[in-house]
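# Survey of secondary and tertiary structure
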Amino acid sequence: PEKKVKKSDCGEWQWSVCVPTSGDCGLGTREGTRTGAECKQTTKTQKCKIPCNWKKQFGAECKYQFQAWGECDLNTALKTRTGSLKRALHNADCQKTVTISKPCGKLTKPKPQGKFHLLKPA
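Per an unreviewed UniProt entry, the protein chain goes by Pleiotrophin and derives from Toxostoma redivivum. Heading Function (unreviewed entry) of the UniProt record for the protein chain holds this comment: "Secreted growth factor that mediates its signal through cell-surface proteoglycan and non-proteoglycan receptors. Regulates many processes like cell proliferation, cell survival, cell growth, cell differentiation and cell migration."

Attention now goes to the sheet that holds strand 5 (residues 62-66). Taken together, the three strands give an open sheet; going across it, the order is 5-6-7, and neighbouring strands pair in antiparallel fashion. Strand pairing shows two members of the sheet lacking a second neighbour, strand 5 and strand 7 (97-103), which therefore form its edges. Averaged over all pairs of adjacent strands, the angle between their axes in this sheet comes to 40°, without regard to strand direction. Of the pairings in the sheet, the one linking strand 6 (residues 78-88) to strand 7 comprises seven bridges and is antiparallel in character. Paired with Gly-83 across the two strands is Val-98, which belongs to strand 7.

This paragraph deals with the side chain of Arg-30. With respect to the helices and strands, Arg-30 occurs in strand 3 (residues 26-33). Taking relative accessible area as the criterion, Arg-30 reaches 1% and is therefore assigned buried. Side-chain polar atoms of Arg-30 contact the backbone oxygen of Ser-16, separated by 2.5 Å. Contact partners of Arg-30, with chain neighbours within four places excluded, come to Trp-15, Ser-16, Val-17, Cys-18, Lys-44, Thr-45, Gln-46, Cys-48, Glu-61 and His-90.

So, about the pairing of strand 5. Alternating residues of strand 5 divide into Cys-62, Tyr-64 and Phe-66, all buried, and Lys-63 and Gln-65, none buried. Bridging between strand 5 and strand 6 involves five bridges; their strand directions are antiparallel. Residue pairing across strands places Tyr-64 opposite Leu-85, the latter belonging to strand 6.

Conventions we followed
- Residues numbered from 1 in each chain as written.
- Predicted model: local features only at pLDDT ≥ 70, side-chain atom pairs only at ≥ 80, totals over all residues.
- Heavy atoms only, no water.
- UniProt positions renumbered as here; feature names shortened; annotations may be inferred.
- Pairing = 2+ DSSP bridges.
- Helix = DSSP H or I, 4+ residues; strand = E, 2+ residues; numbered from the N terminus.
- Axes fitted to C-alpha atoms, helices over the stretch in contact; angles between N-to-C directions.
- Buried < 20%, exposed > 50% of the residue type's maximum accessible area, 1.4 Å probe, protein only.
- Polar contact = N/O pair within 3.5 Å; in protein donor to acceptor, adjacent residues only side chain to side chain.
- Contact = heavy atoms within 4.5 Å.

Structure below.
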């Protein structure tokens, strides 16, 4: 006798982004939904975690490997570097590469040499 193979009429789970319980990182939850006329469950909540040391500028679920900072652009007083996608949590939609800039900081200028002499006691 052949066993009947039960085929699910349910669609794939689609997950929202992770929403931290407090602040902008740490433990949180995400909502999942799926479609299907015969599905017993069409929504569910899942625990998730956003690492606090990731750069949130590009999405809290996207981790990038960055190159070294480039030289300072004297016209803009900024230096830039590029990052390549290293890891995406929970099938997050992440850019493959990103570029960031930051101020160069204090530009080192040669200090004027003063004419100070130490006087020795006579």
